[in-house]
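Survey of secondary and tertiary structure
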Amino acid sequence: MEFQKVFVRKDVTAVIQCSNCSKTKVVSVIKLIGKHRFKVKCTCGSTFGVEIDFRQTYRKKTDLDGYVVKLFSEKKQPQLLYESKTTDSNPLNCKIISISRNGMTLTTVDKHGIKIGDDIKVKFTLDNSASTEFEKKAHVKWVRDNYIGGEFFETYKHDVTLAFYFV
């Protein structure tokens, strides 16, 4: 069974649309917190699966080369973690595999020494028509092996250029 992805709105409701007859219904998902997949039976008799996504913002899957450094406090310089391959401007040592207005998930080529709570700086170029270059600072929220999830500092969360990237 295929599952349609439905995003939760700020009022903790979701709009579910029947894949057979296109009828829509707004449902409260407050009682479904913790449950992400379920079956729905439409009034037309069709049964289909729904997957609820509780993320605050849309997350786009990407495959962007990047450069990440761990930032230190007390006015120390950023530490170069490692170099894997080089380009004309910066060594590339990570791939941004998903991005949202609030943060990103990246994977590093080698071991990195980054921990939950660290601050990082990431440079990357979007794969849009303008090849927009970004340099963002983020707070590390989770780490699993070579995968790192970071939340952008507040000043980046309302970046108009990044918002257009999702359109």
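You'll find the structure just up there.
Presented here is a report on the structure given in the accompanying data block. Quantities reported herein were computed from a predicted structural model and do not represent experimental measurements. (Residues numbered from 1 in each chain as written. Predicted model: local features only at pLDDT ≥ 70, side-chain atom pairs only at ≥ 80, totals over all residues. Heavy atoms only, no water.)

**Some points on the sheet that holds strand 4 (residues 37–41)**
Cut-off, in case you're wondering: Any two strands are treated as partners once DSSP identifies two or more bridges connecting them. Helix numbering and strand numbering both begin at the N terminus, where a helix is a DSSP run of H or I of at least 4 residues and a strand a DSSP run of E of at least 2. Interaxial angles span 0 to 180 degrees and are taken between N-to-C directions of axes, which are lines fitted to C-alpha atoms, for helices over the stretch in contact.
In space, the three strands of this open sheet follow the order 1-5-4, with mixed pairing throughout. Pairing within the sheet leaves two strands with one partner each, and these edge strands are strand 1 (3–7) and strand 4. Within the sheet, the average angular offset between the axes of one strand and its neighbour, ignoring direction, is 40°. As paired strands, strand 1 and strand 5 (residues 47–53) are joined by five bridges and run parallel to one another. Counterpart to Phe7 in the pairing with strand 5 is Asp53.

**Some remarks on the pairing of strand 6 (residues 59–71)**
Each regular strand carries side chains that alternate between the two faces of the sheet. As paired strands, strand 6 and strand 10 (residues 94–100) are joined by six bridges and run antiparallel to one another. Along strand 10, the bridge assignment pairs Asp65 with Lys95. Pairing analysis gives six bridges linking strand 6 to strand 12 (residues 119–125), with the strands arranged antiparallel. Following the sheet pairing, Tyr67 is matched in strand 12 by Lys123.

**Comments concerning the pattern of salt bridges**
Inclusion rule: What counts as a salt bridge is simple: a side-chain nitrogen of Lys or Arg found within 4 Å of a carboxyl oxygen of Asp or Glu.
In total, this model carries seven salt bridges according to the counting rule given. Here Arg37 makes a salt bridge to Glu51, at a shortest N to O gap of 3.4 Å. Placement of Arg37 in strand 4 and of Glu51 in strand 5 is noted, with a sequence separation of 14 residues between them. Linked by salt bridges that have partners in common, Asp63, Asp65 and Lys95 make up one network.

**A short note on unusual backbone geometry**
Peptide bonds are, in most cases, trans, and in most cases residues other than glycine have a negative phi. For Ser22, which is not glycine, the phi dihedral falls at a positive 70°. The residue Ser22 is located in the loop between strand 2 (13–17) and strand 3 (24–28) in this model. The phi torsion at Ser131 lies on the positive side, around 45°, for a residue other than glycine. With respect to the helices and strands, Ser131 occurs in the loop between strand 12 and strand 13 (133–144).

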